[in-house]
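# Notes for the structure review
Each chain, written out:
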Amino acid sequence: MSAVAVQSSRPRRGVLASAWAFVKRHVLTVYSILFFAYLLLPIAVVVLFSFNNPPGKFNYVWHSFTWNNWRYWNGVPGIQSAIVLSLEIALVASLVATALGTMIALALVRYRFRTRATTNILIFLPLSTPEIVLGASLLTLFLHFAFVQFGYWTILIAHVMFCISFAVVTVKARLIGFDRHLEEAAMDLGANELKTFQKVTLPLITPAILAAFLLCFAISIDDFVVTYFVAGSSVTFPVYVWGAARIGAPAQVNVIGTAIFVIAITLALANVLLQSRRAKGA
Amino acid sequence: MLWLTIFFVVPLGFLAYQSLESGNIDFGYAFTWAWGNYSTAISNYHSEFLRSLEYAGMATVIALVVSYPVAYWIAFRGGRWKNLLLLFIIAPFFVTYLIRTLAWETILSDHGFVVRTLQDIHVLGSSGRLLATGTAVVAGITYNFLPFMALPLYVSLEQVDPRLIEAAEDLYANKLRAFLKVTLPLSLPGVVAGTLLTFIPAAGDFINAQLLGSPQNYMIGNVIQSHFLVTSDYTGAAAMSFVLMAAILAIVAVYAFVVGTEELTGSAV
């Protein structure tokens, strides 16, 4: 009797044990999937509500599907000029910040100068300061000079300032792993410094410069806090969203958000695919 | 020549930009060592200060606990999907910060499905709400800075050599012990970097408190923001910014002292 019971319970315990083993093996996977769902949920909401046709001012509750928000993406006053200003500033600020950042990175890695350590700290400071303090300090500085007109130029200066650090860090990482012998070889072959820089150094660090530029662009176009402090009456896209949020953001805000997301994620995906293909090739 | 220009232009451009940065000590319209600004700032707004540190601290801890297993999973089980999964982690960054937070406002709104479900299972009372509570603010901050935590964790876990863990197990450590004695200490630089990257911006944040909270949940960022831009109390707001900076620096210093400066500088570079 007891032998039978033991025998019959053995396979059951086996099932339980294997079920437990299955859970144990996959608990991390299941958890991670939940984590990604949580991470992506708000994005799904943004995309979904860009197709909403809200009955009133508030785009909080799903009502009915419409393409109109996409067709009339600039149908709300002010949104188009805000986007244009954001793009303009992001473009110019990233160009300037990347150029300056690349030069600073070159100087930091290549030369030992007296202020080198200080410069390193100065680069790191904006990265570790809360944005609100950056914005506030820029505001007080600009207020000091009565002739400063708040608007395009103040925003631009602010964006260049906080983008530089990111550009320097990105380019520096590439320069540290850079083989100086290549430059020496070019010089041995009769190239002057300028030519060496053009033909050897620049092509080798171009990927990092490009990455720095894209990073700056992304940070600049997304920045709200610092911009809000120094914008005066100018309105960038995030500032527009902030203003709109107080009276109920129109669905067009979701449209632009979705569009930015799609463009960025496409670029990033292309990059990932390119890298994995290159890795496969090598 | 080019090098020379770089040499001269760079530090000069630098000074110019850095001077932009530290234009903070503007004690009104005459410089009078007005320390009073500081004492008023602290005595009037100490609750907001404490709340900022509390919310930021909570968000940091939650983000750490939530994202550690995922970083572990990607690092050790991700295989050839690693890059794609990392892309998913940073995907929220591709949506404008404010829009992301507005999406949470939609999700947590009084008629949204989250509130209704919680009401149905009686976690919330029938008139309970999530919006305009501290929970919503902490949740929003946690969400917005989650990638800052997950990425450094992933980077440091990725560098852990799986053979070390095998070696620990060969030496009769069970899985838990191997994790506690090998994996966790080796991933500490990532933990340090992640907590700093999350805590510092979180402590100065005011967007989540504004959009997801109510005036009872306002953080010091809200106070600084409104003093600067609404009431034009520049001196008080500047003092508060400095107190915030100092508080953060002090916390970072204590933190560095506890975990050891080596990890801190190691992760900073």
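Residues numbered from 1 in each chain as written. Chains lettered and ligands numbered in written order. Predicted model: local features only at pLDDT ≥ 70, side-chain atom pairs only at ≥ 80, totals over all residues.

## A closer look at the overall build of chain A
Counted only if it meets this: Only DSSP runs of H or I covering at least 4 residues are called helices, and only runs of E covering at least 2 are called strands; the numbering of each starts at the N terminus. Neighbour density around each residue's C-beta defines its exposure: 20 or more other C-beta atoms within 10 Å make it buried, 12 or fewer make it exposed, and counts between make it partly exposed, where C-beta atoms are placed from the backbone. Working definition of a contact: two residues with C-beta atoms, positioned from the backbone, lying within 7 Å.
From N to C terminus, chain A includes 11 helices and 0 strands. Beginning at the N terminus, the succession of helices and strands in chain A can be written as α-α-α-α-α-α-α-α-α-α-α. When burial is assessed residue by residue, chain A has 38% of its 282 residues classed as buried. A sequence separation of at least 24 residues applies to 76% of the contacts in chain A between residues at least 6 apart.

## Digging into the overall build of chain B
Scanning chain B from terminus to terminus reveals 13 helices and 0 strands. For chain B, the succession of helices and strands along the chain, N to C, is α-α-α-α-α-α-α-α-α-α-α-α-α. Per-residue burial for chain B yields a buried fraction of 41% across its 269 residues.

## Some words on the nonpolar core
Rules: Connectivity within a nonpolar core runs through C-beta atoms within 7 Å, and the core itself is a set of buried Ala, Val, Leu, Ile, Met, Phe, Trp, Tyr and Cys residues. For each domain, the first and last residues come from an automatic or database assignment.
Among the nonpolar cores identified, the biggest contains 137 residues, and Cys163 and Cys216 of chain A together with Ala71 of chain B are the most heavily contacted of them. Among the elements that make up this core, the one with the highest residue count is helix 3 (residues 79-110) of chain A (15 residues). For this core, the domains that each give at least three residues are domain 1 (2-49) and domain 2 (77-249) of chain A. Those residues within four positions of Cys163 of chain A in sequence are excluded, and the remaining contacts are Ala93, Ser94, Ala97, Cys216, Ile219 and Ser220 of chain A.

## Details of the confidence of the model for chain A
Selection rule: Looking at any residue, its pLDDT shows the predictor's confidence there, from 0 to 100.
Considering every residue of chain A, the mean pLDDT works out to 77; 85% of them sit at 70 or more. Looking over chain A, one finds the lowest element-wise mean pLDDT in helix 4 (residues 116-127) of chain A, namely 69, and the highest in helix 3 of chain A, namely 85.

## So, the environment of Arg163 of chain B
All names here are of chain B. On the secondary structure map, Arg163 appears in helix 7 (residues 162-170). The exposure class assigned to Arg163 is exposed, which follows from the 9 C-beta atoms found within 10 Å. Separated by 30 residues in the primary sequence, Arg163 and Thr133 have C-alpha atoms spaced 47 Å apart.

## Brief notes about the packing of helix 3 of chain A against helix 6 (residues 152-176) of chain A
Residues and elements named next belong to chain A. The cut-off we apply is this: Axis definition: a line fitted to C-alpha atoms, limited for helices to the stretch in contact. Angles are taken between N-to-C directions and run from 0 to 180 degrees. Throughout, the term roughly parallel applies to angles under 35 degrees, roughly antiparallel to angles over 145, roughly perpendicular to angles from 65 to 115, and oblique to all others. Left-handed describes a crossing in which the near helix is turned anticlockwise from the far one by less than a right angle; the clockwise case is right-handed. Three classes are used: nonpolar for Ala, Val, Leu, Ile, Met, Phe, Trp, Tyr, Cys and Pro, charged for Asp, Glu, Lys and Arg, and polar for all others, with Gly counted as polar.
The interhelical angle for the contact between helix 3 and helix 6, taken along N-to-C directions, is 45 degrees, at an axis separation of 6 Å. When the axis of helix 3 is compared with that of helix 6, the two are oblique. When the axes of helix 3 and helix 6 are compared, the crossing they make is right-handed. Here the residues of the contact of helix 3 with helix 6 sort into 21 nonpolar, 5 polar and 1 charged.

## Focus on helix 6 of chain A
Counted only if it meets this: How far a helix is expected to stretch is found by multiplying one less than its residue total by 1.5 Å. Given a residue, its bend is the angle between the two axes fitted to the seven residues that end at it and to the seven that start from it.
With 25 residues, helix 6 of chain A extends 36 Å from end C-alpha to end C-alpha; this agrees with the ideal 36 Å at 1.5 Å per step. Maximal helix bending in helix 6 of chain A amounts to about 30 degrees, located at Cys163 of chain A.

## A short note on the packing of helix 3 of chain A against helix 8 (residues 193-222) of chain A
Residue and element names in this part refer to chain A. Taken N-terminus to C-terminus, the directions of helix 3 and helix 8 make an angle of 140 degrees; their axes are 8 Å apart at the nearest point. The angle between helix 3 and helix 8 falls in the class oblique. Seen along the crossing, helix 3 lies across helix 8 with a hand that is right-handed. Counted together, Ser86, Ile89, Ala90, Ala93, Ser94, Ala97, Thr98, Gly101 and Thr102 of helix 3 and Ile209, Ala212, Phe213, Cys216, Phe217, Ser220 and Ile221 of helix 8 form the full contact between these two elements. Grouping the constituent residues of the contact of helix 3 with helix 8 by class yields 10 nonpolar, 6 polar and no charged.

## Considerations on helix 6 (residues 134-158) of chain B
In a regular helix each residue adds 1.5 Å, so 25 residues correspond to 36 Å; helix 6 of chain B covers 35 Å between its end C-alpha atoms and thus fits that length. Of all 25 residues making up helix 6 of chain B, 20 are buried, and the element is well covered by its neighbours.

## A word on the confidence of the model for chain B
Residue and element names in this part refer to chain B. On average, chain B scores 73 in pLDDT, and the residues at 70 or more come to 74%. Within the model, pLDDT remains below 50 along residues 1-9, and this stretch shows 9 contacts once partners closer than five positions in the same chain are excluded. Predicted confidence is poor over residues 263-269, with pLDDT under 50, and the contacts of this stretch with residues over four places away or in other chains come to 12 contacts.

## Here's the deal with the environment of Leu40 of chain A
Of note, Leu40 of chain A is situated in helix 1 (residues 2-49). With 13 C-beta atoms counted inside 10 Å, the residue Leu40 of chain A sits in the partly exposed group. Through-space distance from the C-alpha of Leu40 of chain A to that of Ala186 of chain A is 49 Å; in sequence the pair is 146 residues apart. Sequence-distant contacts of Leu40 of chain A, that is, excluding residues within four places in its chain, are made with Phe88 and Ala91 of chain B.

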